[in-house]
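# Close look at the chain arrangement
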Amino acid sequence: MAAIGLSLQSQRVTTGPNTGPAELGARGHATMMPSMDGEVDHVKNGFNPSALLTDFDAGKISTLPNGQILHEYTFVVKNQMIEVMPGLEFAAWTYNGRIPGPTIRVNEGDRVRVELLNASDHAHSIHFHGVHPGNMDGVFDARSGVVAPSGKYVYEFDAEPFGLHLYHCHTAPLAKHIAKGLYGAFIVDPKGGRPKVDRELIMVMSGFDVDFDGKNDFYQVNGIPFHYDHKKNPIKLKVGELVRVYLVNTLEYDPVNSFHLHANFFQYYPTGTSLTPSEFTDTVALMQGQRGILEFSYRYPGLYMFHAHKTEFAELGWTGVFEVEA
Amino acid sequence: MATDSGAPSKARAWLFFIAPIVVLAAVIALFVSTRGAGLNVEPAVPIETVQFGRTILRPGEIELHLRNTSPQPITISQVSINEAIWPYTISPGRIIPRLGKAVLTLNYVWVQSEAYEITVFTGNSIPFTASIPVATVTPNASAATLWKFTLIGIYVGIIPVILGMFWLPALRQLGSRAMLFLMAATVGLLIFLGIDAISEALEIGGELEDTFQATGLIAIGIVGTWLLLQAVSRRQETIGRSAAGQRMSLAAVIAVGIGLHNLGEGLAIGAAYAVGAAALGTFLVVGFIIQNITEGLGIVVPIAKDKPSLRTLAILGLIGGAPAILGAWVGGLVSSRALSVLFLAIGAGAVFQVAYAIGRKMVWTTKAADEMPVTAFAGVLAGMLVLYVTGIAIK
């Protein structure tokens with residue numbers, strides 16, 4: 001707390017005398033960006049967005065008698081206070097103590113087994129996007145995977161089709177259960193894998209409605225607004241490095257989210273279900289549940305923003321920077 | 001014997017006086033120690049309220065004054081302006097004690113005449129929003145701005161009140177019935193002004209946090225002023241002055257009442273200028289000038305038949321008009337909602353008392369008793385209608 005106070009003080013810029021309103025536009029624009037001071041307590045939160053960026057989780061791997069590869073996971077849902085902005089606590093719900101939840105990554109045709117333990121005081125579930133039987137859909141009741149407090153359920157299905165998917169809680173009221181933090185990415189690689197790239201990153205876009213009025217107060221990728229900002233934790237890349245971003249939109253309350261890459265273009269694979277890109281662009285729009293894979297490399301070193309091109313979201317936290325080195 | 005029993009009975013009286021207080025303290029202690037008699041009175045979520053005070057705009061900077069009116073300390077965490085999270089500084093610190101004040105500063109390049117909304121989040125994720133309807137540089141207390149506010153006060157208060165007094169020679173030509181009509185019109189005028197001031201006070205009071213108890217503040221202002229003026233005018237009467245002296249003292253009391261009312265008016269105009277709202281129309285000032293000319297008339301009606309000196313008239317005019325200057329200063333440079341509510345209530349109490357005093361005088365002194373009801377009715381209504389019609393220009 002004291003450290004935040006100090007950094008706040010140092011932020012102060014003195015205003016020159018005799019500056020009339022006419023001169024307002026000319027001064028100080030370059031340094032005046034929406035942002036936040038200080039950092040949240042990642043240790044207390046239990047997760048750090050910088051680490052989440054490359055945290056692909058294949059689970060506990062074994063081989064079934066029929067030769068199929070099995071990936072086993074344990075998810076625990078709990079109520080958790082998260083410091084979403086410095087000094088600002090949000091009563092969140094989490095899978096395994098983090099927002100977004102773990103990024104499940106398996107190959108097409110593998111067996112996925114996820115045990116859900118409910119350590120919270122509300123019923124919750126996991127609803128996976130993909131192809132699976134009705135009783136694995138996590139929607140209606142205990143028999144289809146809605147878990148009462150202190151209860152548990154095992155979701156088990158074959159991973160298909162290949163592509164970039166997501167999972168989220170599907171207990172009513174749905175929007176609230178998702179917005180409070182119960183969502184994550186679910187990657188199914190094609191048999192034999194995707195073509196090799198130099199770096200792979202996960203970005204799950206979402207928002208926080210901290211005062212529960214049905215409107216988001218903050219927006220972000222990977223849980224914490226402004227985390228990848230240039231003054232904080234920019235994502236380091238190298239010139240010429242081929243980068244693949246798994247981009248998922250789990251934003252509630254606002255109909256459309258977007259991603260814009262500065263000073264560059266990317267190949268875009270909607271839902272990741274094809275190995276052929278559908279578009280070469282620098283901006284994509286995604287509605288809730290939509291996702292896609294982006295591939296690009298930087299030609300010049302420098303600082304490059306990426307952010308929602310709904311710029312209001314950007315100024316409320318959904319903004320980040322690639323720091324590209326030679 | 002008498003002195004022996006005197007001391008113990010005095011002690012007994014004290015004992016009887018103190019005993020309920022001691023028992024009360026015990027009951028409170030019991031309630032607190034049993035956590036509200038078993039009711040869980042602890043709120044699930046802390047109750048937090050923030051009262052915004054002055055907003056000061058300087059080029060490239062917005063300063064927000066706020067007060068914590070919640071039952072416990074609060075912590076300010078994040079601030080957004082027009083849907084963008086913005087860095088800020090806060091003094092003395094981010095933790096504000098109960099009823100403590102803090103000044104929040106944003107380095108923000110605002111644009112002249114545009115609207116802004118600033119949301120302050122506390123550590124418990126509770127947002128509070130302050131609005132700047134029209135952004136303009138806030139006047140500070142320099143000699144130049146003081147003079148500007150003084151000019152506004154002169155235009156709104158002194159000039160119209162004194163102009164109204166110029167009807168005095170014309171009044172002298174009037175018969176007693178016409179005079180009665182004018183007295184009644186003054187009463188109507190004052191009642192209208194009083195009700196208007198109360199409604200204004202209630203409106204501003206509605207924006208106040210509960211801690212300030214706006215309704216109680218209004219009641220104190222009205223009742224207190226009424227009783228004070230009542231006491232003063234009673235004393236004047238019991239001194240045993242001549243009839244002319246009594247008429248003069250009535251004029252003086254009317255002037256004081258109107259002066260207190262104009263204090264509230266100046267306050268409203270000053271506050272409007274300070275937040276840039278009045279920049280949208282000098283219409284407001286023009287309306288007040290037209291309306292206030294009737295106030296000058298009200299002051300001189302009781303002394304129309306006498307021959308007051310110019311000096312006396314000037315003093316009466318100043319008593320009635322000059323408080324508008326003070327009001328404009330306070331409204332423009334201090335801008336405290338609680339103070340505005342109190343001033344308006346004082347104005348209301350003053351004009352009601354004066355209306356009552358004139359009314360009483362009319363009943364007791366008029367000779368044309370038979371004509372009185374109709375003339376008084378027409379006069380009071382005319383007074384109110386004049387203000388209603390001129391008020392259309394202001395609203």
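The text that follows walks through the structure, step by step, so that each part is easy to find. (Residues numbered from 1 in each chain as written. Chains lettered and ligands numbered in written order. Predicted model: local features only at pLDDT ≥ 70, side-chain atom pairs only at ≥ 80, totals over all residues. Heavy atoms only, no water.)

## A closer look at the overall build of chain B
Counting its regular elements, chain B contains 11 helices and 8 strands. Burial statistics for chain B: of 395 residues in total, 46% are counted as buried. Taken as a whole, chain B presents about 19300 Å² of accessible surface, with 70% of it coming from carbon and sulfur. (Helix = DSSP H or I, 4+ residues; strand = E, 2+ residues; numbered from the N terminus. Buried < 20%, exposed > 50% of the residue type's maximum accessible area, 1.4 Å probe, protein only. Areas by Shrake-Rupley, 256 points an atom, 1.4 Å probe, with all protein chains shown as cover.)

## A word on the sheet that holds strand β7 (residues 116-122) of chain B
Residues and elements named next belong to chain B. If you trace the 4 strands from one edge of the open sheet to the other, you get β5-β3-β7-β8, paired in antiparallel fashion. Both outer strands of the open sheet, β5 (95-96) and β8 (127-132), are each paired with one neighbouring strand and no more. Across 5 bridges, the pairing between strand β3 (residues 74-81) and β7 is antiparallel. Looking at β7, one finds that S80 is bridged to T119. (Pairing = 2+ DSSP bridges.)

## Considering the packing of aromatic side chains
Evaluation of the coordinates by the stated rule reveals 30 aromatic pairs over all chains. Measuring from ring centre to ring centre gives 4.3 Å for Y298 of chain A and Y304 of chain A, while their planes differ by 15 degrees; the resulting arrangement is stacked. Look at Y298 of chain A and you get buried, because its relative accessible area is 3%. Geometrically, the ring pair formed by Y108 of chain B and Y116 of chain B is edge-to-face, given 5.6 Å between the ring centres and 80 degrees between the ring planes. For the pair formed by Y108 of chain B and Y116 of chain B, the shared burial category is buried. Grouped by ring-pair contacts, the aromatic residues Y73, F75, Y95, F128, Y153, Y155, F157, Y167 and F186 of chain A constitute a single cluster. Lying over the aromatic face of F56 of chain A, R105 of chain A brings its terminal NZ or CZ to 4.7 Å of the ring centre. If you follow K180 of chain A out to its NZ or CZ, it ends over the ring of F90 of chain A, 5.9 Å from the centre. (Phe/Tyr/Trp six-rings, centres within 6.5 Å; stacked < 30°, edge-to-face > 60°. Lys NZ or Arg CZ within 6 Å of the ring centre and 35° of its normal.)

## So, the sheet that holds strand β4 (residues 88-91) of chain B
The strands making up a sheet associate through backbone hydrogen bonding, with each pair oriented either parallel or antiparallel. All names here are of chain B. Taking strand neighbours across the sheet as the criterion, the 4 strands line up as β1-β2-β6-β4 in an open arrangement whose pairing is antiparallel. Either end of the sheet is taken by a strand with one partner, and the two such strands are β1 (50-58) and β4. The mean angle between the axes of side-by-side strands here comes to 20 degrees, regardless of whether they run parallel or antiparallel. Note that β4 and strand β6 (residues 101-107) share 4 bridges and pair antiparallel. Each residue of the ladder has a partner; that of T89, found in β6, is T105. (Axes fitted to C-alpha atoms, helices over the stretch in contact; angles between N-to-C directions.)

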